[in-house]
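Summary of structural features
Listed here are the chains, written in short residue letters.
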Amino acid sequence: MSPTLEHEYLIELVRNRPSLVTALLTRVDVEVPAFDEALVGNCDFTDLPKEFRADSVVVLRRGGKPVASVILEVQRKYDPHKQWSWPVYMATLRAREKCPVMLLVFCQTEETAVTCASPIHMGHPGWVLRPSVAALRDVPRITDVEQARTNPELAALSTIAHVSLGGDEALEVLRAWVEAEKQPLEGQRSYAALVYIMLCGPDAVQMFKELEVAVGIPDAMKNPIIREAVEYGEAKGEARGEAKAVLRILRRRDIPISHEAQERVLTCTDQATLETWIDRAITVKAADDLFV
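Note that the structure is a prediction, hence the values are computed from the model and not measured. (Residues numbered from 1 in each chain as written. Predicted model: local features only at pLDDT ≥ 70, side-chain atom pairs only at ≥ 80, totals over all residues. Heavy atoms only, no water.)

**Concerning the environment of asparagine 16**
- Residue position: asparagine 16 is located in helix α1 (residues 5-16).
- Here asparagine 16 falls in the partly exposed class, since its relative accessible area comes to 22%.
- Linking asparagine 16 and glutamate 153, residues 137 residues apart in sequence, is a C-alpha distance of 7.7 Å.
- Excluding its chain neighbours within four sequence positions, the residues that come into contact with asparagine 16 are Glu153, Arg189 and Tyr191. (Helix = DSSP H or I, 4+ residues; strand = E, 2+ residues; numbered from the N terminus. Buried < 20%, exposed > 50% of the residue type's maximum accessible area, 1.4 Å probe, protein only. Contact = heavy atoms within 4.5 Å.)

Now the structure itself:
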């Protein structure tokens, strides 16, 4: 099964700005050594008999030498197998880089965060791994436009996290991101498409509409950033309805649906494709026949 965007978006942001992991570590009270360079490291631990691969690795350097390494793992839900693989990642990376290693687990839900923070007892007296865990609430709230412009990766993460959570400051975070996107610094990446896709729910779309009023633009949907977000969110909402219809028809016909097939249907946003699948769902004998 291909990785989901909920799993991949933070990895993409860290790939483009590796120092982003230090902002999260600081928020969960982990002391980060002084460094002058942050580089993406090798995520593969293939020097072992069984292949192990972390989501992301960042090596912090000072004067050209590693002072710390950070293993980033993104968890949508708790995976009990990680209690065996995480210590392997850390020991292997420590031997490779010859420096202290930290494990940062970023969780999509509070429930997952609590479970992932459980200590891992290694068996040797006093040797207990306690993962550093960050959830959406731990992401810094970026409400300053200039800060959003100079650090678009952190601003994008802040917007995704806090608009998803809602709350009093969500609109201020969204406003700062929109204003920064309107006037980016030269050479800065835009994460507009990523933010739009992640914030396609009805609450986020309504917040974009409220922001339209808050920024004082007289003609509705005049701002291209807000207009695109709202239109994308509404279209995604319609596509999600069509996708659920496909699955509902198959279930009513007692046709088994694999997890892979379900993911493929639910992540599809092309209206024409979904309408074709609805037509096929009425007659197919197997779920995979939808995709023929």
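**Digging into helix α2 (residues 20-27)**
- Listed as buried for α2 are Leu20, Val21, Thr22, Leu24 and Leu25.
- A positive backbone phi angle near 65 degrees is found at aspartate 29, which sits one or two residues after α2.

**A closer look at the sheet that holds strand β3 (residues 65-75)**
- Overall, mixed pairing links the five strands, which are arranged β1-β2-β3-β4-β7 in an open sheet. Both edges of this open sheet fall to β1 (37-40) and β7 (132-135), since each of them pairs with a single strand only. For this sheet the average axis-to-axis angle between neighbouring strands, irrespective of direction, equals 25 degrees.
- With respect to the sheet, α2 is in contact with β2 (56-62), β3 and β4 (101-107), its orientation differing from that of β4 by roughly 85 degrees.
- Against the sheet, helix α3 (residues 82-97) makes contact with β2, β3 and β4, and its axis sits at roughly 160 degrees relative to β3, the strand it touches most. (Pairing = 2+ DSSP bridges. Axes fitted to C-alpha atoms, helices over the stretch in contact; angles between N-to-C directions.)

**Looking at α3**
- In a regular helix each residue adds 1.5 Å, so 16 residues correspond to 22 Å; α3 covers 22 Å between its end C-alpha atoms and thus fits that length.
- Within the sequence span of α3, burial applies to Lys82, Ser85, Trp86, Pro87, Tyr89, Met90, Thr92, Leu93 and Glu97.
- The inward-facing, buried residues of α3 contact β2, β3, β4, α4 (110-116), β5 (120-121) and β6 (128-129). (Expected span 1.5 Å × (residues − 1).)

**Considerations on the pairing of β4**
- Burial runs high along β4: seven of the seven residues are buried.
- Burial along β4 is two-sided: Val101, Leu103, Val105 and Cys107 and Met102, Leu104 and Phe106, pointing in opposite directions, are all buried.
- Pairing analysis gives seven bridges linking β3 to β4, with the strands arranged parallel. Of the residues in β4, the one forming a bridge with isoleucine 71 is leucine 103.
- The handedness of the β3 to β4 crossover, carried by α3, is right-handed. (Right-handed = clockwise from strand over helix to strand, strands pointing away.)

**What about unusual backbone geometry?**
- At aspartate 29, a residue that is not glycine, the phi angle is positive and equals roughly 65 degrees.
- With respect to the secondary-structure elements, aspartate 29 resides in the loop between α2 and β1.
- Residue aspartate 29 is classed as exposed on the basis of its relative accessible area of 73%.
- With a phi close to 60 degrees, lysine 98 is a non-glycine residue in the positive phi region.
- Inspection of the secondary structure puts lysine 98 in the loop between α3 and β4.

**Some points on the pattern of salt bridges**
- Taken as a whole and judged by the stated rule, the model has eleven salt bridges.
- With a closest N to O distance of 2.4 Å, glutamate 12 and arginine 15 form a salt bridge. Separated by three residues within a single helix, glutamate 12 and arginine 15 lie in helix α1, roughly one turn from each other.
- In this structure arginine 15 comes out as partly exposed when scored by relative accessible area, which is 44%.
- In this structure, arginine 53 engages aspartate 44 in a salt bridge whose closest nitrogen and oxygen atoms are separated by 2.6 Å.
- Among the residues examined, arginine 53 registers a relative accessible area of 47% and is labelled partly exposed.
- The exposure class of aspartate 44 is partly exposed, given its relative accessible area of 22%.
- Residues participating in the shared-partner salt-bridge network are Glu110, Arg137 and Asp138. (Salt bridge = Lys/Arg side-chain N within 4 Å of Asp/Glu carboxyl O.)

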